[in-house]
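The primary structure of each chain is shown beneath.
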Amino acid sequence: MNKEILGNLLRDALNPEFLEIDDRTEAHSGHASSGNGGHYEVRIVSSQFAGLAPLARHRLVNTVTDPVRQEIHALSIKAYSPEEFAAQNQPKTPRPTIALNVL
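Residues numbered from 1 in each chain as written. Predicted model: local features only at pLDDT ≥ 70, side-chain atom pairs only at ≥ 80, totals over all residues. Heavy atoms only, no water.

(A) Region of interest: the packing of aromatic side chains. Counting across every chain of the model gives 2 aromatic pairs. Measuring from ring centre to ring centre gives 5.1 Å for Phe 18 and Phe 85, while their planes differ by 25°; the resulting arrangement is stacked. Taken together, the residues span a long stretch of sequence, with Phe 18 in strand S1 (residues 18-23) and Phe 85 in helix H3 (residues 82-88) at a distance of 67 residues. Note on Phe 18: relative accessible area 26%, which makes it partly exposed. (Phe/Tyr/Trp six-rings, centres within 6.5 Å; stacked < 30°, edge-to-face > 60°. Helix = DSSP H or I, 4+ residues; strand = E, 2+ residues; numbered from the N terminus. Buried < 20%, exposed > 50% of the residue type's maximum accessible area, 1.4 Å probe, protein only.)

What follows is the structure, encoded as structure tokens:
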């Protein structure tokens, strides 16, 4: 399996505004427990996550990827609603500083 198949499943089911999939299989190839499945990190933003707890979001992603579950050894999921993603990626505004003149 490759990340394009995983991406197609997620796009078709969740219509994400943002989707990033990293194939980390190479980094885990020497582990005895890695088996034949791949290691993937998914960062996804979808309006379908709005109002859902993190566990419910992960369950939704796992349900969507169930058809290829036998080909996945590990799946790291970071799932956000569009509002959360926008807030997380806002540039941090510096706090105003107050200059004190000490005589």
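Now that the structure is up, let's keep going.
(B) Examining the side chain of Ser 81 more closely. In this structure, Ser 81 sits in the loop between strand S3 (72-80) and H3. Classification of Ser 81 by relative accessible area gives buried; the value is 4%. Excluding its chain neighbours within four sequence positions, the residues that come into contact with Ser 81 are Val 45, Ser 46, Phe 49, Ala 50 and Arg 57. (Contact = heavy atoms within 4.5 Å.)

(C) Up close: the packing of helix H1 (residues 3-14) against helix H2 (residues 54-64). Packing of H1 against H2 leaves a shortest axis separation of 9 Å and a crossing angle of 115°. Considering only the axes of H1 and H2, their crossing is right-handed. Here Leu 9, Leu 10, Ala 13 and Leu 14 of H1 come into contact with H2, specifically with Leu 60, Val 61 and Val 64. Partitioning the contact of H1 with H2 into residue classes produces 7 nonpolar, no polar and no charged. (Axes fitted to C-alpha atoms, helices over the stretch in contact; angles between N-to-C directions. Left-handed = near helix turned anticlockwise from the far one by under 90°. Nonpolar A, V, L, I, M, F, W, Y, C, P; charged D, E, K, R; others polar.)

(D) Just a negative patch on the surface, in detail. Negative charge collects at one region of the surface, where Glu 4, Asp 22, Asp 23 and Glu 26 lie side by side. Judged by its relative accessible area of 39%, Asp 23 is partly exposed. (Patch = residues over 30% accessible without salt bridge, like charges linked within 9 Å, V, L, I, M, F, W, Y side chains within 5 Å. Areas by Shrake-Rupley, 256 points an atom, 1.4 Å probe, with all protein chains shown as cover. Salt bridge = Lys/Arg side-chain N within 4 Å of Asp/Glu carboxyl O. Lys, Arg positive; Asp, Glu negative; His and termini not counted. Charge placed at Lys NZ, Arg CZ, Asp CG, Glu CD.)

(E) Seen up close, unusual backbone geometry. Even without being glycine, Asn 15 reaches a positive phi, approximately 45°. Tracing the sequence through the fold places Asn 15 in the loop between H1 and S1.

(F) Spatial organisation of the confidence of the model for the chain. On average, residues of the chain carry a pLDDT of 85, and 76% of them reach 70 or more. When the elements of the chain are averaged for pLDDT, H3 gives the smallest value, 91, and H2 the largest, 97. (pLDDT = per-residue confidence, 0-100.)

(G) Examining the sheet that holds S3 more closely. The 3 strands are arranged S1-S2-S3 in an open sheet whose pairing can be described as mixed. The outermost strands of the open sheet, each flanked by one partner alone, are S1 and S3. The average undirected angle you get between the axes of adjacent strands in this sheet is 15°. Note: strand S2 (residues 38-45) against S3, 8 bridges, orientation parallel. Across the sheet, Glu 41 pairs through a bridge with Ser 76, a residue of S3. Relative to S1, H1 is tilted by about 155°, and along the sheet it contacts S1, S2 and S3. (Pairing = 2+ DSSP bridges.)

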